[in-house]
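In case you want the letters, here they are:
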Amino acid sequence: MKKVSILLVGIIAILSLAACSGGEGETASGSDVIELTLWNDWTEDRPENTAYKNMVEKFNEQHDDIEVVIEAIPHDQYETKLRTQAAGNQLPDMFRVWPGARLAPLAEGGATLSLDPIKDNWEGVIPEGIMKDYQFDGVQYAIPGNISETSLIFYHKDMVKDAGFEEFPKTYEELKSLITALNEAGTTPISLGNKAIWPLQSVYISTIADRFTGSDFLPNALSGEGSFENEQFINSMKVIEELANMKAFNGDMNTIDEAQARSEFNAGNAAMHFAGSWAIGPVLDTVENPDKIGVAPFPSFAGGDGDPAKIAGVAGGGIALNSDLSEEEQEAAFEFLKFFYSDEMYQQLVEANIIVPADVEMGDDIPQVFQEANKLAQGGLAPVYDATLSPELTDIINNGLQAITLGEKTPEELAKEMQEQVEKEQ
Amino acid sequence: MHAVGRRRGAIILGLLPALLIYVIFAILPILQSFYYSVMEWDGFSDMTYVGLANFKEVFADPLFWNSVKNNIYVVLASVFGQVPIALFIALLLNRKLKGLKIFRTIGFLPVVLSTVVISLTWSLIYNSEDGLINELLRSVGLESWALNWLGDTNLAMIAVCITVIWQFVGLYLIIFLAALQNVPEEVLEAAKMDGASEWTTTWKIIVPMIWDTIIVAVILCIAGSLKTFDLIYVMTHGGPSHSTEVMALYMFNETFSQLQYGYGSAVSVLIFFFSLLLIYLVNKIFGKKMI
């Protein structure tokens, strides 16, 4: 009897000890093979993710002494999990990170390792202007793998034609008449899935606001030189209000997510879908005839102060390293990064219709849609809102834009709310 | 005496592992939450002690009160939806019916289904464009009754509550059925011999005899409703425009999307006290110390 109890207590003690030490034992298990865990969001089956996974597999094949272990977490949960683990000081050895404001707390908290020692490797390959997206206080924390344009308009060429438009509208006024024409024909003009509340902000406002305010507005408003109650910024949010009022979107826009909205577009249930370059692959792979899909930049807005050639975009695909890595592990991780962010991968990405920061040659087999989207990046990149704003501000504008589509908030009220938050943060 | 002492020792020793697990995984995290709630902390950098500032801020945030209000809706829907419906069905099923087991299994099915599956299924049912409900309404000519169930701020909470009720009715159904089957046969027979109608038997004998079980069900209901999170998170993300945000969701958003761990902890502490208060009230109302 007593023995059994002691045994039980012993088991519990061991179990609880094991629970407390979680994570540390990972690398100690192999004798001379250095094991590095890599967290990412490559769960969806798309060519981009296959390219990444291929590179990791190749690396493992060529290196007997290093083993990179992939752990994939669905995109929408990824950052939450990362932040939770970071708070518990339980980050993996390597992890996918997003640039700008989303990298800042990790860098500031000392959770990530500086890549300055190996930065020279990409000199002349990746322009400094793009490298900068993954810097914090001048220190490099990740290498850009791709460029994510967040504001592209995908459209069904024949549907636009049937509505009486020979070419895709260049101005907002023309876009509005296209929307009216489509509505009259009983076609849903724009397929939108804003349940997760970021698309209206990241895809729509990032570029629309830039067209109105110019690219200096965002940094100025954040530093206190300007204000979110800027008339041009309010005008940009009025566009969302107007589009919602003229029934430009599907009725269930607030209850379906972005992927669902995209499949509605792919199935031909809507004439247009506004999304980022992440949608190029999934759209081209799913639609029956890729030649019938066009891609266009956002229209220009009369009276705007911004450069209409610009498109919102940001570097992406970076992998940060855990600052707790031992020296040996650091060396191994550096070697992995050099291997991973190589010409070979960028080439594979281009073939997978991903816009890359490095200058790579493009063959004739690259689809038209991709080449056009790639061209759009040449006009310059406008800042993406959720890559620049603090989490609180992002939350306010995300929810606020949704409230605007429901008629529960006016653009002026949202602007005021954002300004109040900025003042609180300063 | 000696034997009793020894047995008590063995009992304590036997309880120890469970106690240890309970302390580590239940008591300690609660205490930690209390500790974090008086700190300002973004999860990465050093914590700073801010006293009750977080609580002051929570109380001043209209979004918090909005989430409290929505949470009360869930509690009300559960207590006045799940319990009576489950009791009603249990009373119906508590007969010598053929195929009783099948009905019981059907009723219990939603309880064993994953919440995520339920949420996604109901999201599809509620979809305003091609959801089952609207398609049905349209097919019988009630076009104007087809609404944007989850996309309308006035309807979303009702729609979510209906799903919550649907999900857990089965659980209370099983609890009530078990209680009903423990009502002694002799008592019912005696009532029958005295000429009591079925109605009288039900209300004067059966229900009072399982009253304790009903109170336990109500308390379980309240505790469960205050923790509601996953279903709403998957169905609506708390939206549109915060209209279905409950306390746990508010806490989650503040903590993990906005990186305010201290603030989020303060909200958790409030949820904790709120639950205690409600359960205390229920005990008080029913005049019994159940839990």
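The coordinates are above.
Quantities reported herein were computed from a predicted structural model and do not represent experimental measurements. (Residues numbered from 1 in each chain as written. Chains lettered and ligands numbered in written order. Predicted model: local features only at pLDDT ≥ 70, side-chain atom pairs only at ≥ 80, totals over all residues. Heavy atoms only, no water.)

In this section: the sheet that holds strand E11 (residues 311-316) of chain A. Residues and elements named next belong to chain A. The strand order E6-E11-E13 describes an open sheet built from three strands, whose pairing is mixed. With partners counted over all chains shown, the strands left at the sheet margins are strand E6 (146-149) and strand E13 (381-382), one partner each. Pairing between E6 and E11: four bridges, direction antiparallel. Its bridge partner being in E11, Ile 147 is matched across the sheet by Ala 315. (Pairing = 2+ DSSP bridges. Helix = DSSP H or I, 4+ residues; strand = E, 2+ residues; numbered from the N terminus.)

What the rule picks out here adds up to 40 aromatic pairs over all chains. With 5.8 Å between their ring centres and 80° between their planes, B:Phe34 and B:Phe273 make a pair best called edge-to-face. In this pair, B:Phe34 sits in helix H1 (residues 2-37) while B:Phe273 sits in helix H13 (residues 261-286), placing the two residues 239 residues apart along the sequence. For B:Phe273, a relative accessible area of 44% puts it in the partly exposed group. Chaining the aromatic ring pairs together yields one cluster made of A:Trp42, A:Tyr52, A:Phe59, A:Trp122, A:Phe336, A:Phe339, A:Phe340 and A:Tyr341. Over the aromatic face of A:Trp98 sits the side chain of A:Arg96, whose NZ or CZ is 5.3 Å from the ring centroid. (Phe/Tyr/Trp six-rings, centres within 6.5 Å; stacked < 30°, edge-to-face > 60°. Buried < 20%, exposed > 50% of the residue type's maximum accessible area, 1.4 Å probe, protein only. Lys NZ or Arg CZ within 6 Å of the ring centre and 35° of its normal.)

As a further point, take the interface of chain A and chain B. On the side of chain B, 34 residues touch chain A, which itself brings 33 residues to the contact. Of the roughly 2900 Å² buried between chain A and chain B on both sides combined, carbon and sulfur atoms contribute 62%. The tally of links between chain A and chain B comes to zero salt bridges. Counting the contacts that link chain A with chain B gives eleven residue pairs in polar contact (both at pLDDT 80 or more). Considered class by class, the residues forming the side of chain A that touches chain B number 13 nonpolar, twelve polar and eight charged. (Contact = heavy atoms within 4.5 Å. Buried area = accessible area lost by both parts, 1.4 Å probe. Salt bridge = Lys/Arg side-chain N within 4 Å of Asp/Glu carboxyl O. Polar contact = N/O pair within 3.5 Å; in protein donor to acceptor, adjacent residues only side chain to side chain. Nonpolar A, V, L, I, M, F, W, Y, C, P; charged D, E, K, R; others polar.)

Turning next to the state of the cysteines. Residue and element names in this part refer to chain B. Under the criterion given, the structure shown has zero disulfides over all chains. The closest cysteine sulfur to the non-disulfide-bonded Cys 221 is located on Cys 161, 12 Å from its own sulfur. Here Cys 221 falls in the buried class, since its relative accessible area comes to 2%. (Disulfide = S-S within 2.5 Å.)

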